[in-house]
Amino acid sequence: MFTFVYQLSSMTLPSLKHWFKTYKESQLFGRYIFGDHVLPLIEKHKSNFRVDCIGQSVLKNDIHVITIGNGKTKILMWSQMHGNESTTTKAVFDLCNLFAFGEDKTLQIILKSCTIAIVPMLNPDGARAYTRVNANDIDLNRDAQDLSQPESKVLRAYFDDFNPDYCFNLHGQRTIFSAGSNNKPATVSFLAPAQDEACTVTPTRKKAMEVIVAMTKNLQKQIPNQIGIYDDAFNINCVGDTFQSHDKPTILFEAGHFANDYNREVVREFIFQSLIIAINYIAKKPIGGSKYEAYFAIPKNEKLFYDFIIRKAKVNAQVVDVAIQCQEQLVGNNIVFVPIVESISNLDGFFGHKEIDAKEYKVLVDGKKELEVGNEIDFVTINTEKFALVL
Ligand SMILES: [Zn+2]
């Protein structure tokens, strides 16, 4: 009885926040996370956990799995299958620190009932190049059936060998998504992927949905209306859909945008908290899958955001709105956000993370040229004033 009470109290928001502050991996920051950053951390955790090399990428970079705990219920998670989606990688190392150095009794209870296998970087080549795809230009999340790539084979072989009870597919999403049709970014999105064309709500999916509901309850207190459900069209070439179709409850995590958080350090904490909530929920008792219904009340992701919208801009003698979206480019060791004009039209119903009111003044590039879709621009001139497009 005492154990149960203790367990509840340590999953409160103040304790989750305290854990993040205390155990956040200080060696990781920002968007560009690749082998140089994570290999020393994998090395560090060899003294805390079992670490195995489970294969290699196209360019012969090692792919590792960190195994924590020795309980009966097995959770497999993998991050950075898309090389430029690094937020969840930061969060899994925060989680490793928590389990390595945290002294809370709840953690011991979790590790007695669960075995957690973490592949922190499935696509090391894409991570280094800061691309979604691997070194053969293949999207690994469309290769679950073909298994044409070494990284896909590594994950599939480990999945077959480990035989998980739950899978967490960890990703990051662009700044374009809103949670529903509101002026709120989808800071975190989840999905219990479909396992058939009809998107049947199967017992397997219900279990995944129930865990998502538990995570959403915690997030709603902090980022109300900023949690979305990712697009759920069935695609058996996606890893989540494939694993779900093997009746392994699988959850897609998407780390998204929070106001001004282009380094994704704020959402990193939300992912960290969500991972603990999910693991604890799974560890506590077998999931029946009956508490899934609130999943359907979570709004669906929509593409309603741009990084900038200039409202009421006079372009080619017409008053229109201008949408500008930043493209991430790797320059040296930094990610540079390059603003590109995406749309010149009426953008009612769309939102800018930053909005500028041009008050029907002329808006020009370089102080003289008319704006065109596709323009790369660092600043615009509104009337005679320069506005820098800085995130
Ligand atoms: Zn992704």
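As the structure is a computational prediction, the values presented were derived from the model and not from experiment.

The rules behind each value
- Residues numbered from 1 in each chain as written.
- Predicted model: local features only at pLDDT ≥ 70, side-chain atom pairs only at ≥ 80, totals over all residues.
- Helix = DSSP H or I, 4+ residues; strand = E, 2+ residues; numbered from the N terminus.
- Buried ≥ 20, exposed ≤ 12 C-beta atoms within 10 Å, placed from the backbone.
- Contact = placed C-beta atoms within 7 Å.
- Axes fitted to C-alpha atoms, helices over the stretch in contact; angles between N-to-C directions.
- Parallel < 35°, antiparallel > 145°, perpendicular 65-115°, else oblique.
- Left-handed = near helix turned anticlockwise from the far one by under 90°.
- Nonpolar A, V, L, I, M, F, W, Y, C, P; charged D, E, K, R; others polar.
- pLDDT = per-residue confidence, 0-100.

### A few points about the overall build of the chain
Part 1 of the argument: The helix and strand inventory of the chain stands at 10 helices and 18 strands.
Part 2 of the argument: If you line up the chain on its principal axes, its C-alpha atoms span 70 × 45 × 45 Å.
Part 3 of the argument: By residue count, 47% of the 391 residues in the chain fall in the buried class.
Part 4 of the argument: Intrachain contacts of the chain at a sequence separation of at least 6 include 76% that bridge at least 24 residues.

### Focus on the packing of helix H8 (residues 203-220) against helix H10 (residues 266-284)
Part 1 of the argument: Two numbers describe how H8 lies on H10: the axes approach to 9 Å, and their chain directions differ by 135°. Classified by the angle between their axes, H8 and H10 sit oblique to one another. H10 is crossed by H8, and the crossing has right-handed handedness. Counted together, Val 211, Ala 214, Met 215, Asn 218 and Leu 219 of H8 and Phe 270, Gln 273, Ser 274, Ile 277, Ala 278, Tyr 281 and Ile 282 of H10 form the full contact between these two elements.
Part 2 of the argument: In terms of residue class, the contact of H8 with H10 is made up of 9 nonpolar, 3 polar and no charged.

### With respect to the confidence of the model for the chain
Part 1 of the argument: Taken over all residues, the pLDDT of the chain has a mean of 95, while the share at 70 or more is 98%.
Part 2 of the argument: Counting contacts from residues 1-8, a segment whose pLDDT is below 50, to residues more than four positions away or on other chains yields 5 contacts.

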